[in-house]
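# Descriptive analysis of the structure
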Amino acid sequence: MSENNRRPRAIKLYVVNDSNGQKVYVKAKTKSAALDYIVGKHFSVDVVNAKDMVSLADAIAAGVEIHEVNN
């Protein structure tokens, strides 16, 4: 199919499970969109700046784990 002739994705109902086994139902066009919605409701992401270094050092001293993502 040509890129200009793609049909719009149908909205589906997804269930997102958290680590406690709770389920959240989300209507979305894709699985990624459903997960992005849930994550966006509960979390925010910011870059660690120089003003955050004291807080970061305290977290590292307390044993926080820094995760690395390779895309």
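Below you will find a few notes about this structure.

## Quick word on the pairing of strand E2 (residues 23-28)
- Judged from the 6 bridges that link them, strand E1 (residues 12-17) and E2 form a sheet pairing that is antiparallel. Note that in E2 the partner of valine 15 across the bridge is tyrosine 25.
- Linking E1 back to E2 in an antiparallel pair, the connection comprises 5 residues, with glycine 21 at a positive phi of about 90 degrees.

## Quick look at the environment of methionine 53
- Mapping methionine 53 onto the fold places it in helix H2 (residues 53-61).
- Of the residues examined, methionine 53 reaches a relative accessible area of 42% and is grouped as partly exposed.
- A sequence separation of 29 residues divides methionine 53 from valine 24, and the C-alpha atoms of the two residues are 35 Å apart.

Cut-offs applied
Residues numbered from 1 in each chain as written. Predicted model: local features only at pLDDT ≥ 70, side-chain atom pairs only at ≥ 80, totals over all residues. Heavy atoms only, no water. Pairing = 2+ DSSP bridges. Helix = DSSP H or I, 4+ residues; strand = E, 2+ residues; numbered from the N terminus. Buried < 20%, exposed > 50% of the residue type's maximum accessible area, 1.4 Å probe, protein only.

Structural measurements only, silent on function.
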